[in-house]
Amino acid sequence: MIYLDNAATTPVKPEALQAAWPWLTSEFGNPSSQHELGFRAKDALADARARVAKFFNAKASEIIFTSGGTESDNLGIVGLALAMPRGKHIVSARTEHEAVLQSLDYLQRVHGFEITWLPLDEFGQVSGLEAALRDETTLVTLMVANNEIGTLHPIAQLCAIAHARGALFHTDAVQAVGWVDQNVAELGVDALSISGHKFGAPKGSGALFLKGRTAAEPLIHGGGQESGLRSGTENVAWAVALATALELLTPAAAAAERVAKLRDDFIRSVLQATPNAILTGHPTNRLPNIASFCFDGVSGEALLLELERRGVIVSSGSACAAGSDEPSHVLTAIGIDAELAQTAVRFSFAHDTSAEDLQNAVGALSRAFEGFK
Ligand code: PLP
């Protein structure tokens, strides 16, 4: 099997699972307990927090463990918006992940927030942030990298523009970890979401970076764990796995350099092998590990099945949209019509994807197309 659906999820790294194992078995203490088992769990959690913080060049006190990208986005957006007294205006873009879009929808419906959607070009790049900001803008939320088309946003630059007008900045970095350096001090962001299962930690692990003493309204109420921002007995094992998986990542720059070359060769080969292929997203300003196409006239779902029959695992559009007949909201937001959007297929690579894997995938794609003739 050639697994090219790493943007949907990745296998858990054995080292991450091994590191987690004791905290699920012999060392099963509750970090809040006042006995040795509890103290050791508390120390393990603190150690994991410090290691995650180090990866992002943050302080340990700025890391809140969550159940993944969706929860981090909800806390980073709803939590900040409800705590900010500035006003009820937020700026974002329609290509964001559903976790962001639905958090914004909730703020709009239930709390009367107004959202300004930034203009997008055909590649999924935003413009016009400065003009969209108002005195009452509370928050700007824009992702580092798009999960369907891979297009990157210049976060440090966008964040500086938001800050100049006094607005906070949240970014969804779920797809970027391991591919684009996420140094929060350099980015300047107030909040940043990550999800463990995108880089070899278990599903249900994640974290939110929250800068300094930025006020946030908790979404889960209870015993006051995670500095009162995320109540509930902490998942020590998943926090340890998350920290371990992060440390196992090849430095982003090195991984990006190697895989971007493979991606570019792959894109060229696909465009040559299948004349009806159209690359979606920006040709160069994109994640090294995502190559996404529309295959005019061919159903993305049917192509996915044909590729799977030939041992190549991919995704049609985003995993969240899979199974629904709706065309991808990302593709329609960048001006691709609904019919063409139904032909989308995303190939997403891992740090260890090889040139041979990709040659074989192109071969499988050509053979799949033979079947459609
Ligand atoms: N944000 C982006 C950009 C994603 O790609 C995903 C997952 O697909 C999420 C958020 C949600 O993360 P999780 O699956 O950990 O809830």
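In this report, the structure presented in the accompanying data block is examined.

We now examine the environment of Asn-289. Turning to its location among the elements, Asn-289 is positioned in the loop between β9 (277-280) and β10 (290-295). We classify Asn-289 as buried; its relative accessible area is 2%. Asn-289 sits 57 residues away from Arg-346 along the chain, and the two C-alpha atoms are 10 Å apart. Asn-289 has contacts with Trp-179, Val-259, Phe-347, Ser-348 and Phe-349, leaving out every residue within four places of it along the chain.

Bringing the pattern of salt bridges into the picture now. Under the counting rule described, the total for this entry stands at 17 salt bridges. Here Arg-134 and Glu-136 are joined by a salt bridge, their closest N and O atoms 3.6 Å apart. On the basis of relative accessibility, which here comes to 25%, the residue Arg-134 falls in the partly exposed class. A relative accessible area of 33% places Glu-136 in the partly exposed class.

What the seven strands build is an open sheet, ordered β2-β8-β7-β6-β5-β3-β4; its pairing is mixed. Only two strands of the sheet have a single partner each, and these edge strands are β2 (63-66) and β4 (114-117). With strand direction ignored, the average angle separating the axes of adjacent strands in the sheet is 20°. The pairing of strand β6 (residues 168-172) with strand β7 (residues 191-195) spans three bridges and is parallel. When the sheet's bridge partners are listed, Asp-172 is paired in β7 with Ser-193. Its contacts with the sheet put helix α6 (residues 155-164) on β5 (137-141) and β6, and the angle it makes with β6 is roughly 155°.

Moving on: the site of the ligand. For the ligand, the set of nearby residues contains 13 residues, the closest of which are Gly-69, Thr-70, Asp-172, Ser-195 and Lys-198. One of the backbone nitrogen or oxygen atoms of Gly-69 is found 2.8 Å away from an oxygen atom of the ligand. Between Ser-195 and the ligand, the recorded distance is 2.6 Å, taken from a side-chain N or O atom to an oxygen atom. The biggest single contributor to the shell around the ligand is helix α3 (residues 69-83), with three residues.

Procedures and definitions
- Residues numbered from 1 in each chain as written.
- Predicted model: local features only at pLDDT ≥ 70, side-chain atom pairs only at ≥ 80, totals over all residues.
- Heavy atoms only, no water.
- Helix = DSSP H or I, 4+ residues; strand = E, 2+ residues; numbered from the N terminus.
- Buried < 20%, exposed > 50% of the residue type's maximum accessible area, 1.4 Å probe, protein only.
- Contact = heavy atoms within 4.5 Å.
- Salt bridge = Lys/Arg side-chain N within 4 Å of Asp/Glu carboxyl O.
- Pairing = 2+ DSSP bridges.
- Axes fitted to C-alpha atoms, helices over the stretch in contact; angles between N-to-C directions.
- Near = heavy atom within 4 Å.
- Polar contact = N/O pair within 3.5 Å; in protein donor to acceptor, adjacent residues only side chain to side chain.

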